[in-house]
Amino acid sequence: MTTTQRADTGTDLDALVDRLTLEEKVRLLSGGGTFRAQAEESIGLRAIVFSDGPVGVRGERWDERDTALTLPSPTAMAATWDADVVSGLGRLLAAEARRKGVDVLLAPNLNLHRSPLGGRHFECFSEDPLLTSRIGAAYITGVQSGGVAASPKHYVANESETERLTLDARVDEATLREVYLAPFEAAVRAGAWVVMSAYNGVNGTTMSDSPLLDEPLRGEWGFDGVVVSDWGAVRTVTSSTDLAMPGPHELRGRPLVDAVLRGEVAESEIDDRLRRILVLARRVGALGPATPVPPPRITPDESRGRLRRAVAAGSVLLRNDSVLPLDPAVLTRVAVLGPNAVDARVQGGGSAGVFPAAVVSPVDGIRAALVGRAEVVHRAGAFLHTRPTPLKPEHTSDPVTGEAGVLVRYLDDEDEVVHAEHRLSGRILDPSVDVEAAFVEVSALFRPPTSGEWRFAVIGLGEVLLEVDGHVLVDELVVPESDDPTYVHVTPSFREASWPVEAGREVLVRAKRRLAADTGNAVALAADPPRVDEDAELAAAVELARTADVAVVVVGTTDEIESEGFDRTTLELPGRQDELVRAVAAANPRTVVVVNAGGPVELPWREDVAAVLVTWFPGQEAGDGLADVLFGVAEPGGRLPTTWAARTADVPVLDTTPVDGVLAYTEGSRVGYRAWAGGPVAPAYWFGHGLGYTTWSYEGLSARDNVDAESGFDVRVRVRNTGPRAGREVVQVYQAEGEDRRLVGYAAVHVPAGEAAWVRVPIEPDALRRWSTLDHAWHSPAGPITLFVGPSAGDLQLSARLNPAP
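None of the values given here were measured: they were computed from a predicted structure.

Basis of the calculations
- Throughout, a residue's number is its position along its own chain's written sequence, starting from 1.
- The predicted nature of this model means local features are confined to residues of pLDDT at least 70 and side-chain atom pairs, given and counted, to a pLDDT of 80 or more, with totals for whole chains, interfaces and linings taken over all residues.
- Hydrogens and water molecules were not included; the side-chain quantities draw on all heavy atoms of the structure.
- Labels follow the DSSP assignment, with helices taken as runs of H or I lasting at least four residues and strands as runs of E lasting at least two, numbered in each case from the N terminus.
- When checking whether two residues touch, look at their non-hydrogen atoms; a contact exists if any pair is within 4.5 Å.
- To form a nonpolar core, buried Ala, Val, Leu, Ile, Met, Phe, Trp, Tyr and Cys residues must be joined to one another through side-chain atoms within 4.5 Å.
- Note on exposure labels: buried denotes an accessible area under 20% of the residue type's maximum, exposed denotes more than 50%, and partly exposed covers the range between, all computed with a 1.4 Å probe on protein chains only.
- Should DSSP find at least two bridges between two strands, the strands are regarded as paired.
- Throughout, an axis means a line fitted to C-alpha atoms (over the contacting stretch in the case of helices), and angles, computed between N-to-C directions, take values from 0 to 180 degrees.
- Each pair of aromatic rings taken from Phe, Tyr and Trp, with Trp reduced to its six-membered ring, is defined by centres within 6.5 Å and is described as stacked if the planes are under 30 degrees apart, edge-to-face if over 60, and tilted in the remaining cases.
- Angular relationships are summarised with four words: roughly parallel below 35 degrees, roughly antiparallel beyond 145, roughly perpendicular across 65 to 115, and oblique for the angles in between.
- Handedness of each helix crossing follows the sense of rotation of the near helix against the far helix: counterclockwise by less than a right angle gives left-handed, clockwise gives right-handed.
- Ten residue types, Ala, Val, Leu, Ile, Met, Phe, Trp, Tyr, Cys and Pro, are classed as nonpolar, four, Asp, Glu, Lys and Arg, as charged, and the remainder, Gly among them, as polar.
- Handedness of a crossover: with both strands directed away from the viewer, a clockwise path from the first strand across the helix to the second marks it as right-handed.
- Throughout this description, the term salt bridge denotes a Lys or Arg side-chain nitrogen within 4 Å of a carboxyl oxygen of Asp or Glu.

Enquirer: Outline the environment of glycine 32, supporting the account with residue identities and numerical values.
Expert: For glycine 32, the position within the fold is in the loop between helix H2 (22–27) and strand S1 (50–52). Along the primary structure glycine 32 and proline 246 are separated by 214 residues, whereas in three dimensions their C-alpha atoms are 7.2 Å apart. In this structure, glycine 32 is in contact with Ala37, Gln38, Gly247 and Pro248, ignoring residues within four places of it in sequence.

Enquirer: Please provide a residue-by-residue account of the nonpolar core, values included.
Expert: By size, the foremost hydrophobic cluster in this structure holds 73 residues, and its most contacted members are Tyr139, Tyr155, Val156, Tyr180 and Leu217. Those residues in contact with tyrosine 155 that sit more than four places away from it in its chain are Leu181, Phe184, Val195, Met196, Ser197, Ala198, Met207, Leu212, Leu213, Pro216, Leu217 and Trp221. Phe35, Tyr199, Val226 and Val284 belong to the second largest nonpolar core, which has 43 residues in total.

Enquirer: Got a sec to walk through the side chain of serine 303? Specific residues and values, please.
Expert: As for its placement among the helices and strands, serine 303 is situated in helix H11 (residues 300–314). Under the relative-accessibility criterion, serine 303 is labelled buried at 5%. When near neighbours in sequence (up to four residues on either side) are disregarded, serine 303 contacts Leu69, Leu92 and Ile298.

Enquirer: With reference to specific residues and values, describe the sheet that holds strand S30 (residues 740–751).
Expert: The strand order S30-S29-S34-S35 describes an open sheet built from four strands, whose pairing is antiparallel. Pairing within the sheet leaves two strands with one partner each, and these edge strands are S30 and strand S35 (798–802). The sheet shows a mean angle of 20 degrees between the axes of neighbouring strands, direction not considered.

Enquirer: An account of the sheet that holds strand S28 (residues 713–721) is requested, with residue identities and associated values reported.
Expert: Read across the open sheet, the three strands follow the order S27-S28-S31; overall the sheet is antiparallel. Sheet topology places strand S27 (696–702) and strand S31 (756–763) at the edges, where each strand pairs with a single neighbour. Between one strand axis and the next, the sheet turns by 30 degrees as a mean value, whatever way the strands run.

Enquirer: Pulling in residues and values, what's your account of the packing of aromatic side chains?
Expert: As enumerated under the stated definition, the model contains 16 aromatic pairs in all. With a centroid separation of 5.7 Å and an interplanar angle of 35 degrees, the aromatic rings of phenylalanine 35 and tryptophan 231 are classed as tilted. Here phenylalanine 35, found in the loop between H2 and S1, pairs with tryptophan 231, found in the loop between strand S8 (226–229) and helix H9 (254–261); they are 196 residues apart in sequence, far enough to count as distant. Taken together, a centroid distance of 6.3 Å and an interplanar angle of 85 degrees make the contact between tryptophan 62 and phenylalanine 355 edge-to-face. Of this pair, tryptophan 62 sits in the loop between S1 and helix H3 (74–79) while phenylalanine 355 sits in the loop between strand S10 (333–337) and helix H12 (362–369); the two residues are 293 residues apart in sequence, bridging distant segments of the chain. Judged by its relative accessible area of 9%, tryptophan 62 is buried.

Enquirer: Which residues make up the pairing of strand S21 (residues 507–514), and what are the values?
Expert: By the bridge criterion, eight bridges tie strand S16 (residues 439–446) to S21 in an arrangement that is antiparallel. Paired with phenylalanine 439 across the two strands is arginine 514, which belongs to S21. Across five bridges, strand S18 (residues 462–468) lies against S21 in antiparallel orientation. Each residue of the ladder has a partner; that of valine 468, found in S21, is valine 509.

Enquirer: Pulling in residues and values, what's your account of the packing of H11 against helix H16 (residues 622–630)?
Expert: Relative to each other, H11 and H16 sit at 50 degrees, their axes nearing to 8 Å. Taken together, the axes of H11 and H16 lie oblique to each other. Of the two possible hands of crossing, H11 and H16 adopt the one that is right-handed. Here Arg304, Arg308, Val311 and Ala312 of H11 come into contact with H16, specifically with Ala622, Asp624, Gly625, Leu626, Asp628 and Val629. In terms of residue class, the contact of H11 with H16 is built from five nonpolar, one polar and four charged.

Enquirer: Tell me what's going on with H16, and back it up with residues and numbers.
Expert: The element H16 is largely enclosed, with a buried count of nine among its nine residues. Looking at the buried side of H16, the elements it contacts are H11, H12, strand S23 (550–556), strand S24 (591–596) and strand S25 (611–614). Positive phi shows up at glycine 632, right after H16, with a value of about 80 degrees.

Enquirer: Outline the pairing of S10, listing residues and values.
Expert: The buried fraction of S10 is high, at four of five residues. Looking at chain direction, S10 and strand S11 (residues 375–379) are connected through five bridges and run parallel. What sits directly across from valine 336, in S11, is histidine 378. Tracing the backbone out of S10, into H12 and back to the parallel element S11 gives a crossover that is right-handed. Summarising the sheet, S10 and S23 pair through four bridges and their orientation is parallel.

Enquirer: So what's going on with the pattern of salt bridges? Residues and values would help.
Expert: One pass over the full model with this rule turns up 70 salt bridges. Two residues, aspartate 272 and arginine 275, come together in a salt bridge whose shortest N-O distance is 2.9 Å. Here aspartate 272 and its partner arginine 275 are both found in helix H10 (residues 267–283), three residues apart, which amounts to about one turn of the helix. Accessibility expressed as a relative area gives 34% for aspartate 272, which makes it partly exposed. Residue arginine 275 is classed as buried on the basis of its relative accessible area, which comes to 17%.

Written out as structure tokens, the structure reads:
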């Protein structure tokens with residue numbers, strides 16, 4: 001066994017285990033609720049509390065009143081190529097978790113960008129296992145430094161959403177080891193206290209029962225923490241998962257006790273699982289008198305500043321025809337256009353959603369940066385028609401109290417009120433307290449800002465009712481279309497109907513649904529204004545661009561397009577956004593396009609605009625961070641963590657749909673840039689690509705011969721800043737094996753204008769090793785090692801051939 005971390009498994013924990021009956025021990029192997037484990041007062045164990053991540057700490061319930069710091073998406077974190085930045089963000093999360101009483105953050109997601117269509121692409125770091133490993137380890141270290149457990153997930157091969165609950169990923173042994181397991185091994189080395197097993201199967205066995213939980217996780221790697229199931233993923237009594245969530249789990253009561261009594265599961269195995277849970281409890285301060293690590297002390301201003309800097313650090317400048325950075329001193333009028341310019345999309349969809357206290361939109365950030373200097377004008381220019389918009393407090397009031405927001409009532413079968421509460425949003429996924437009821441009802445007095453045929457909607461499953469001023473618009477049974485938890489509990493089906501209203505005249509709107517088994521708790525009351533003439537809106541945006549010194553067009557996706565629970569079907573931008581960009585670029589040659597998306601999208605106009613800047617889903621400080629980059633306060637520090645295709649059809653590894661329940665990873669290790677290398681079509685932008693506000697030349701590569709691949713070695717690269725200002729460059733080193741290239745090291749350097757520097761790039765032995773299916777073991781290179789160096793996987797400017805030590 002490789003001892004990479006050692007648990008506190010002393011006699012004191014053994015004594016605690018011995019004090020419990022078999023029934024008591026089994027009970028502790030199951031959750032005690034949706035987001036908490038069981039408590040056991042007799043041994044001083046309180047309930048361990050969990051929360052979804054990775055961009056914020058929502059807490060145990062979906063409640064918009066319980067706000068959270070909202071970080072940039074993991075794709076943006078990985079785009080920094082900066083472990084210090086990500087570790088600092090992890091400490092922010094730890095502080096948030098401690099503030100909310102959360103012990104375990106269900107993050108980071110260490111699955112890879114196998115296909116850009118993957119629904120949770122935004123929630124994963126990269127297509128490359130080395131970059132994912134380093135950024136993931138930094139995230140884990142930051143979170144756990146504050147006494148909160150990180151939970152790297154989803155172990156393993158959970159790269160897509162289609163049939164994610166049941167698909168069987170078929171992955172060959174070497175690929176599994178070298179590509180998909182590698183980030184989890186790095187997480188264990190970083191000291192992760194929890195690992196979450198996936199829903200899917202791998203090579204014929206569901207992951208909650210997989211032998212991969214024992215080898216290599218607990219055995220070879222020496223993982224001493226808790227394996228927690230994904231929610232609802234434990235399907236057998238004999239599952240070796242330590243903690244089945246949520247709970248109480250039906251298989252972790254009498255069925256497991258009986259399995260032990262029949263000799264199907266050894267009681268010593270139950271003891272081992274419980275001991276690991278107690279180790280976790282001690283680490284997070286949930287067991288006995290143990291004093292947890294003091295929480296990080298970070299002021300609100302420090303938190304916002306760190307998030308603002310992270311936006312710039314992860315922003316990737318794909319193209320710049322000498323237009324950026326903009327000089328505020330010479331600007332008089334700036335047009336900020338696009339559907340995401342005011343309604344910034346700061347996070348992806350699914351179970352990881354949080355409620356930011358406030359979001360700085362691109363328009364607000366740019367306007368604040370130019371206050372007193374230039375006029376900032378805006379039109380959407382295009383629309384993203386997705387799901388209905390839940391009621392917001394600015395146009396609604398509680399029909400009983402008059403407070404801004406809505407009234408939520410939980411009713412019994414006789415329509416008697418069991419529980420009532422005031423909420424700020426028409427979207428209600430959870431009550432604020434545990435309640436048993438037959439119905440949930442949301443109502444509000446709605447003051448429409450414009451007249452016309454508004455579209456009202458009820459969102460929810462089962463029997464639903466929608467009324468406006470007593471007029472029934474919807475009354476039907478909505479049959480669930482899927483049993484996926486995200487669909488059922490977060491984004492269920494909706495029904496909508498139109499009704500004429502007058503601006504400023506209040507109407508009473510009400511949505512009601514029956515709560516039934518397997519239909520979740522979610523309900524929403526939504527309203528959307530009459531549709532605007534899209535041709536007229538586009539023309540108005542183009543006219544603003546024509547009269548401006550510069551046009552900034554913010555395009556992108558939404559949290560309803562990139563989401564857990566389903567995969568995308570195309571990389572095309574939704575709606576008429578491409579048409580908007582082309583028309584604006586034709587009207588104003590100084591057009592800067594900001595891409596507000598969690599993953600790759602097609603950019604068919606990329607050569608026709610002056611600049612293209614990717615900000616991903618940038619978190620709550622989106623607009624201020626964007627303004628810092630646009631006006632040169634900060635350099636765009638990001639480099640692509642995944643390759644961007646010119647067209648969806650060009651992507652070499654695209655499909656996410658299982659065939660007869662099987663998703664075959666037939667491409668082996670040739671994922672991402674490795675699949676593109678040597679292919680018939682080049683991507684639009686390679687992995688690792690990103691421009692700053694200066695230029696670079698690569699002048700030399702130095703490495704000693706007779707290197708020891710088993711111990712690792714350094715290479716030194718000389719780079720020169722040939723541009724007009726100081727900047728940061730990310731030097732990347734790739735190993736070549738035939739046509740294959742794989743990242744084996746990288747390092748960043750800051751260099752003043754006109755100066756040169758030697759950059760030391762460590763090449764760790766793990767980056768060079770390969771898995772042999774002959775003896776099922778790792779081997780270091782026996783022959784010469786060929787290295788290439790450059791600013792991206794598609795621009796390798798230096799090379800060296802190194803001989804191994806004799």
